[in-house]
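Listed below, chain by chain, are the residues.
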Amino acid sequence: MAGIFYSCQTAESVQRDAYYVNGRDLYIQHCQNCHGEKGEGLGELTPPLTDSIFMKANKSQLACIIKNGFSTPLTIHGKVYEGKMPDFNMADIDIAQLIVYITNGFGHKQGMYTNEQVAKDLKDCK
Amino acid sequence: MKYQFTIRYTIVLAAILFLCACKEQRKLPVYGLRDTKTVKNSDGTRSVDTVYQTIPAFKLLNQDSTYITNDNFKGKIYVADFFFTSCTSICPIMHRNMKNIFDKFRDNPEVMFLSHTIDFKYDTPSVLKKYAQKLGVDGPKWQFAYGLKDTVYGLATKSYLVSVEQDGTDKQGYVHQGYLVLIDKDRRIRGAYDGTNADQVAQLEKDIPVLLEEKQ
């Protein structure tokens, strides 16, 4: 029983790790220029991705922000960011991998995020 | 006793040689086109002198909506680049790297920075001001310059040797190179570093003190 449980856990974490690694490549390619290597942001031009409370509270919005861009002012770590983020027209799986990377890197630990969750989030975009 | 003197001399000699070796200074190359001119020496003879390419006189609006000219950079070396505020590809990384250099030489009044916008439609001085404030570098040390398209594009391609152009097929409307160009006190180009490449930016950081050391 313990063995089955253990192997299940491993299968999930293997998938999560694969998403994380692919997500990192996507991050370097599309996001790092502005958000920085360590998710530190850039001055008051680009917000950091290191605010765990924000990342958790807005997790279901992340897919929409990546896919459609974002231009409403944001307050992160007490600073207001009002710049415009461009849209990145990516496939659901790429968005899922990116979300796994940015919600598990930079000091976060929020676990797996699936393509289905991304598809569902994108339906509810504001 | 005699033996001791020999050792002493050897040490002194070694020290002198060592110091001489240290004096050997690295010198940065001078880039751009060159011309020659014949000059008359004080003793009446003639000789040929090299004329280096220099940054021509310019007059541009800065982030405070005041004019800046070459006089603002008189007696200083500066790092120049071309960007636009809404650029999301190479500009953020260029300015992230440039800001690191800016921070390193923050207290050196002989080092300045000059960023020209190539977005003559949108990047008015007030937009540049906001950008500078948000980057955290607003002040006289780092100037953000706005000018007419022909003026700025001419400066970029002919004087700083950085390729810039308006491109309707590009999503953001402009394409440009990300060089950080190092200009000396005689307005000559002494280096060009890819602002998106960490190694080249590190080289720029090493080259600035070399250029500062140079005698006029």
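Residues numbered from 1 in each chain as written. Chains lettered and ligands numbered in written order. Predicted model: local features only at pLDDT ≥ 70, side-chain atom pairs only at ≥ 80, totals over all residues. Heavy atoms only, no water.

**Some words on the state of the cysteines**
Inclusion rule: Note on disulfides: each one is a pair of cysteine sulfur atoms within 2.5 Å. We count a stretch as a helix when DSSP gives it H or I for four or more residues in a row; a strand needs E for two or more, and each element gets its number in order from the N terminus.
Scanning all chains against the criterion turns up 2 disulfides over all chains. Residue pairing for A:Cys64: its cysteine sulfur links by disulfide to A:Cys125, the two sulfurs lying 2.0 Å apart. Between A:Cys64 and A:Cys125 the disulfide shows an S-S torsion of about -100°. By sign, it is left-handed. Of this pair, A:Cys64 sits in helix H4 (residues 59–68) while A:Cys125 sits in the segment after helix H6 (115–123); the two residues are 61 residues apart in sequence, bridging distant segments of the chain. Between B:Cys87 and B:Cys91 runs a disulfide, and the two sulfur atoms are separated by 2.3 Å. Given an S-S torsion of about 95°, the disulfide between B:Cys87 and B:Cys91 has right-handed geometry.

**Regarding the UniProt feature "domain: Cytochrome c" (unreviewed entry) in chain A**
Convention followed: UniProt positions are given in the numbering used here, feature names are shortened, and annotations may be inferred rather than shown by experiment.
The UniProt record marks residues 18–106 of chain A with the feature "domain: Cytochrome c" (unreviewed entry), using the residue numbering of this structure. Between the end C-alpha atoms of residues 18–106 of chain A there is a gap of 17 Å, over a span that is 49% helix and 7% strand.

**Here we look at the interface of chain B and chain A**
What counts here: Contact criterion: two residues are considered in contact whenever any of their non-hydrogen atoms come within 4.5 Å of each other. Buried area is a sum: the accessible area each of two parts loses on coming together, probed at 1.4 Å, counted once for each and added. Any carboxyl oxygen of Asp or Glu that lies within 4 Å of a side-chain nitrogen of Lys or Arg is treated as forming a salt bridge with it. Contacts described as polar in this section are N or O atom pairs within 3.5 Å, which, within protein, must combine one atom able to donate a hydrogen with one able to accept it, while residues neighboring in sequence count only if both atoms come from side chains. Residues are sorted three ways: Asp, Glu, Lys and Arg are charged, Ala, Val, Leu, Ile, Met, Phe, Trp, Tyr, Cys and Pro are nonpolar, and all the rest, Gly among them, are polar.
On the chain A side, the residues contacting the 11 residues of chain B number 14 residues. Across the chain B to chain A interface the summed buried area is about 1100 Å²; carbon plus sulfur atoms make up 55%. Between chain B and chain A we count 3 salt bridges in total. The salt bridge partner of A:Glu40 is B:Arg96, with a shortest N-O separation of 3.3 Å. Counting every contact that joins chain B to chain A gives 8 residue pairs in polar contact (both at pLDDT 80 or more). For the side of chain B that touches chain A, the secondary structure elements donating two or more residues are helix H2 (91–104) and helix H3 (125–135) of chain B. Considering every element that reaches the side of chain B that touches chain A, the biggest residue donor is H3(B), with 4 residues. For the side of chain B that touches chain A, the per-class residue count stands at 5 nonpolar, 2 polar and 4 charged.

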